Amino acid sequence: MMIKLTDIISESKVSYLTENFKSSILRKLSMGNNNSLDRDLYTYLAKQGLRASEIEDNHIEKVTKLPRKGVAIAVTSKPVTLRAKGNRYWERDVELEKGTIVTVFKDGKTLWYTKSWRNKDISVGNPTSWGSEDYKTFGLNKYGWQSPKAVRGISGIQYYHIKLEEDLPFMGGDKIRKLRQDIQAGSFKFRDDKSFKDENKRRYEDAIRDLYNDPEKVQAKIKKTKDYSDKLIQGLIGGKPNAESKKLMSQQNSKDMTDEMKAMAVLRDIADGMDRFYDKVRYYQQALEQDERDKEKYPDNQYMGKEASKYGKEIAAVSNLIIQGKFRGYF
């Protein structure tokens, strides 16, 4: 299975398309009117660990009392009139149809959010703080009808309740985020298969530039390892699935991992393994240079100038493991 790049690497806002929801309830609440839920909410919830695309209808409970824990989406169960509040001249009474999303709560409190031209992601905070005029609520965003007390007073209001316990099958968004961060943590910082290949090529060329008199054929081993990792990345996120990438995906056999998490775990291992592999190559390069200096300094000492051979054999051994898909546990 080829995993979409935007599902794996991008740490910026993810556009949750309604057709990707397993839950018909969420699909309905996320389309059809101006007050529908949007990706801003789902982006925020993903940071809380909730993967909206994995929620099914049986995970959502419809209740008439505002839950104290979890996410609660307040929806009208019948047509209702919300009276204008306050002395603002532009406020008017609002006639709501059945099924209108009034607002969203988390742990019994209203989710207030804002965003500026500087930030891609929303900021959830306190509407009484500085800049409160920019804060709004999900759904209707009707002045005077956003607090828990006010919403509870709406006739026929009901709540779609989603729990946030860690053991639930749709939780784990925080783990996915951690995997994304792990992929970007080492020297291999790549956004797509092309950027990985470009970085891999650069490091390969740097690695072989000063290699010479190589009885262990280290250069060939380095190239073979580079080509293999390029092929894996192409299979995982480049749009051309292959047997090698599928095999590594199948080895991630945890029941709690989605295909997306499996792909990111493999990407993390590849990035980490190749980082360490090129470290070995760097040590080899340094040993070659030291061997030349030792030979010049001690021309009559037969034991001098042989350190690089040892590192060359280590590179060959590690290369063989990597080509078997073993990116971890060899150091």
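The shown structure was predicted, so the numbers you read here are calculated from the model rather than taken from an experiment. (Residues numbered from 1 in each chain as written. Predicted model: local features only at pLDDT ≥ 70, side-chain atom pairs only at ≥ 80, totals over all residues. Heavy atoms only, no water.)

What follows is about the overall build of the protein. From N to C terminus, the protein includes 10 helices and 10 strands. Each of the 331 residues in the protein was classed as buried or not, and the buried ones make up 45%. Across the protein, contacts joining residues at least 24 apart in sequence account for 73% of those joining residues at least 6 apart. Accessible surface, the protein: about 18800 Å² in total, of which carbon and sulfur atoms supply 47%. (Helix = DSSP H or I, 4+ residues; strand = E, 2+ residues; numbered from the N terminus. Buried < 20%, exposed > 50% of the residue type's maximum accessible area, 1.4 Å probe, protein only. Contact = heavy atoms within 4.5 Å. Areas by Shrake-Rupley, 256 points an atom, 1.4 Å probe, with all protein chains shown as cover.)

Moving on, we get to the side chain of Asp-291. Mapped onto the elements of the fold, Asp-291 is located in helix α9 (residues 259-297). No salt bridge is formed by the buried Asp-291; the nearest opposite charge belongs to Lys-295, separated by 6.1 Å. Among the polar contacts listed, one links the side chain of Asp-291 to the backbone nitrogen of Ala-308, at a separation of 2.9 Å. Here Asp-291 is in contact with Gly-305, Lys-306, Glu-307 and Ala-308, once residues within four sequence places are set aside. (Lys, Arg positive; Asp, Glu negative; His and termini not counted. Salt bridge = Lys/Arg side-chain N within 4 Å of Asp/Glu carboxyl O. Polar contact = N/O pair within 3.5 Å; in protein donor to acceptor, adjacent residues only side chain to side chain.)

Ranked by internal contacts, the top residues of the largest apolar core, which has 28 residues, are Ile-222, Leu-236, Ile-270, Phe-277, Tyr-278 and Phe-327. Going through the elements one at a time, α6 (193-208), α7 (218-237), α8 (243-251), α9 and α10 (307-323) are the ones with two or more residues in this core. When sequence neighbours within four positions are dropped, the list of residues in contact with Phe-327 reads Tyr-228, Leu-232, Leu-248, Asp-269, Ile-270, Gly-273, Met-274 and Ile-322. By size, the runner-up hydrophobic cluster in this structure holds 26 residues, among which are Tyr-42, Leu-50, Ile-101 and Val-104. (Core = buried A, V, L, I, M, F, W, Y, C linked by side-chain atoms within 4.5 Å.)

For the protein, the mean per-residue pLDDT works out to 79, and 79% of the residues sit at or above 70. Here helix α1 (residues 5-8) is the element of the protein with the lowest mean pLDDT, 41, and strand β10 (residues 157-162) is the one with the highest, 97. Taken as a whole, residues 1-17 scores under 50 in pLDDT and shows 51 contacts with residues more than four places along the chain or in a different chain. (pLDDT = per-residue confidence, 0-100.)

Spatially, the five strands line up as an open sheet ordered β1-β10-β2-β5-β6, and their pairing is antiparallel. Where the open sheet ends on each side, the last strands, each with one partner, are β1 (60-63) and β6 (109-110). In the sheet, strand β2 (residues 71-76) pairs with strand β5 (residues 101-106) via five bridges, with the strands oriented antiparallel. Each bridged residue has a counterpart across the sheet, and for Ile-73 the counterpart in β5 is Val-104. (Pairing = 2+ DSSP bridges.)

With that settled, the discussion passes to the packing of aromatic side chains. Within the structure shown, the criterion is met by six aromatic pairs. Sitting over the ring of Tyr-311, Lys-310 keeps its end group 5.3 Å from the ring centre. (Phe/Tyr/Trp six-rings, centres within 6.5 Å; stacked < 30°, edge-to-face > 60°. Lys NZ or Arg CZ within 6 Å of the ring centre and 35° of its normal.)

What follows covers the sheet that holds strand β9 (residues 136-137). Across the sheet, three strands lie side by side as β8-β7-β9; this open sheet has antiparallel pairing. The sheet terminates laterally at β8 (123-124) and β9, the two strands that pair on one side only. Across two bridges, the pairing between strand β7 (residues 112-114) and β9 is antiparallel. Residue Tyr-113 lies in a different strand from β9, and its bridge partner there is Lys-136.

One non-glycine residue, Asp-107, lies in the positive phi region at around 55°. Relative to the elements of secondary structure, Asp-107 occurs in the loop between β5 and β6. Asp-107 sits in the partly exposed class, given a relative accessible area of 30%. Even without a glycine there, the phi angle at Asn-141 is positive, about 55°. You can see Asn-141 is positioned in the loop between β9 and α4 (148-152). Residue Asn-141 is classed as partly exposed on the basis of its relative accessible area, which comes to 30%.

Relative to the helices and strands, Gly-305 is located in the loop between α9 and α10. Taking C-alpha positions, Gly-305 is 5.6 Å from Lys-295, a pair spaced 10 residues apart along the chain. With residues up to four places along the chain from it excluded, the contact list for Gly-305 reads Asp-291, Asp-294 and Lys-295.

A cluster of basic side chains, namely Lys-65, Arg-68, Lys-69 and Lys-109, defines a positive patch on the protein surface. For Lys-69, a relative accessible area of 61% puts it in the exposed group. (Patch = residues over 30% accessible without salt bridge, like charges linked within 9 Å, V, L, I, M, F, W, Y side chains within 5 Å. Charge placed at Lys NZ, Arg CZ, Asp CG, Glu CD.)

Turning our attention to the pairing of β2. Burial of β2 is extensive: six of the six residues sit out of reach of the surface. Going residue by residue along β2, you find Val-71, Ile-73 and Val-75 tucked away on one face and Ala-72, Ala-74 and Thr-76 tucked away on the opposite face as well. Taken together, the six bridges between β2 and β10 define a ladder with antiparallel strand orientation. When the sheet's bridge partners are listed, Val-71 is paired in β10 with Ile-162.

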